[in-house]
Amino acid sequence: MALAIGFVAWDVFLLPSSLDEALFRYRLSRAVQTQKIEINFSELATFEWEEVCDHHPYDGDFKHPKYGRTYTAPMSAAHDGVWVLLFIEKDGSPTYISGSCTRGGASIREFGCLSRTKAVFRLESSGLCPRYSAAPDHK
C-alpha cells in the first residue's frame, strides 16, 4: 500500500524519473537563475542524442519518419503546464525529459524536432515563469 501511495505521489509531484531528467532540470534551473538569454540543450542534456522533439502525452503517439519508430510519451507527464522533450539517439533509442515552471524553472514552447546542433533556445519572456523558444536562426 505504501509503495502504491509513493508511486502516485511521485507522479503528482512530477519528481524526476531518471538521473538524466534530474540533471537536465537542475542545469536548466541554474541557467534560468543566472538569467541566460540563450540555452543550448547539448549543454543541458549531456547523454547521447542526435535529435530532440517536443512530445507531450496529449499529442498521442509520434511516428518519426527518420527512425521508423513510434514513440509514446510517458503518461506521468500528462499535466497542463508540463513540457516533455523526446531526445533520440542515432539508433532511435528514446530518452524522455519532462518539466515545468516548478520542475526546471522555465516554460519551453513547442518547436517540433531539432538536431543537436540546432537545439538552441532563447528567452522569449521573463517573470515568474521564464519562457524559452527555439532560436529562429538555429532552426
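Within any chain, residue numbers begin from 1 and follow the written order of that chain's sequence. Where totals are concerned, whole chains, interfaces and linings use all residues; where local detail is concerned, this predicted model gives features only for residues with pLDDT of at least 70, and gives and counts side-chain atom pairs only at 80 or more. Computation of side-chain values: all heavy atoms of the structure, hydrogens and water removed.

On a plain count of helices and strands, the protein chain comes out with 3 helices and 10 strands. We call a residue buried when its accessible area falls under 20% of the maximum for its residue type, exposed when it is over 50%, and partly exposed in between, using a 1.4 Å probe and counting protein chains only. Looking at the 139 residues of the protein chain, the share that counts as buried comes to 38%. The contact criterion used is simple: two residues touch if any of their non-hydrogen atoms lie within 4.5 Å. For the protein chain, contacts bridging at least 24 residues in sequence account for 50% of all contacts bridging at least 6. Working note: accessible area of the protein chain is about 7,900 Å², and carbon and sulfur atoms make up 56% of it. Secondary structure elements are taken from DSSP: a helix is a run of H or I of four residues or more, a strand is a run of E of two residues or more, and numbering for both begins at the N terminus. The accessible surface values rely on the Shrake-Rupley method and a 1.4 Å probe; as for residues, cover is taken only from the protein chains in view.

What pLDDT conveys is the predictor's confidence in a given residue, as a value from 0 to 100. Scored by pLDDT, the protein chain has a mean of 87; 87% of the residues are at 70 or more. Scored below 50 in pLDDT, residues 2-13 makes 6 contacts in the model with residues more than four places away or belonging to other chains.

Moving on, we come to the environment of Asp137. Here Asp137 lies in the segment after strand 10 (131-134). Note: C-alpha distance between Asp137 and Val120 (17 residues apart in sequence) is 9.2 Å.

Before going further, it helps to examine the sheet that holds strand 8 (residues 113-115). In this description, strands pair whenever DSSP reports at least two bridges between them. Strand order in the open sheet made by the 4 strands is 6-5-2-8, with antiparallel pairing throughout. The strands lining the two open edges of the sheet, one partner per strand, are strand 6 (94-99) and strand 8. Geometrically, the sheet is characterised by an average inter-axis angle of 20° between neighbouring strands, direction not taken into account. Alignment of strand 5 (residues 83-88) against strand 6, held across 6 bridges, turns out to be antiparallel. Its bridge partner being in strand 6, Val84 is matched across the sheet by Ser98. Axis lines are fitted through C-alpha atoms, for helices just across the contact stretch, and the angle between N-to-C directions can take any value from 0 to 180 degrees. Against the sheet, helix 2 (residues 19-33) touches strand 5 and strand 6, its axis set at about 45° to strand 6.

To estimate how far a helix should reach, multiply one less than its number of residues by 1.5 Å. For helix 2, spanning 15 residues, the distance from its first C-alpha to its last is 21 Å, which sits close to the expected 21 Å at 1.5 Å a residue. Along helix 2, the positions that sit buried rather than exposed are Glu21, Phe24, Arg25, Leu28, Ala31 and Val32. Angularly, the buried residues of helix 2 cover 125° about the axis, an arc narrow enough to put them on a single face. Counted as exposed and oriented over 90 degrees from the buried face of helix 2: Leu19, Tyr26 and Gln33. It is the directions from the helix axis to the C-beta atoms that the arc portrays.

What the 4 strands build is an open sheet, ordered 1-9-10-7; its pairing is mixed. The two strands at the open ends of the sheet, each matched to only one other strand, are strand 1 (38-40) and strand 7 (107-108). In this structure, strand 9 (residues 120-125) lies alongside strand 10, joined through 4 bridges in antiparallel fashion. Counted as the bridge partner of Ser125 is Arg131 from strand 10.

A few words now on unusual backbone geometry. It is generally the case that most residues other than glycine have a negative phi and that most peptide bonds are trans. You will see that Gln35, though not glycine, has its phi angle at about 60°, which is positive. With respect to the element layout, Gln35 can be found in the loop between helix 2 and strand 1.

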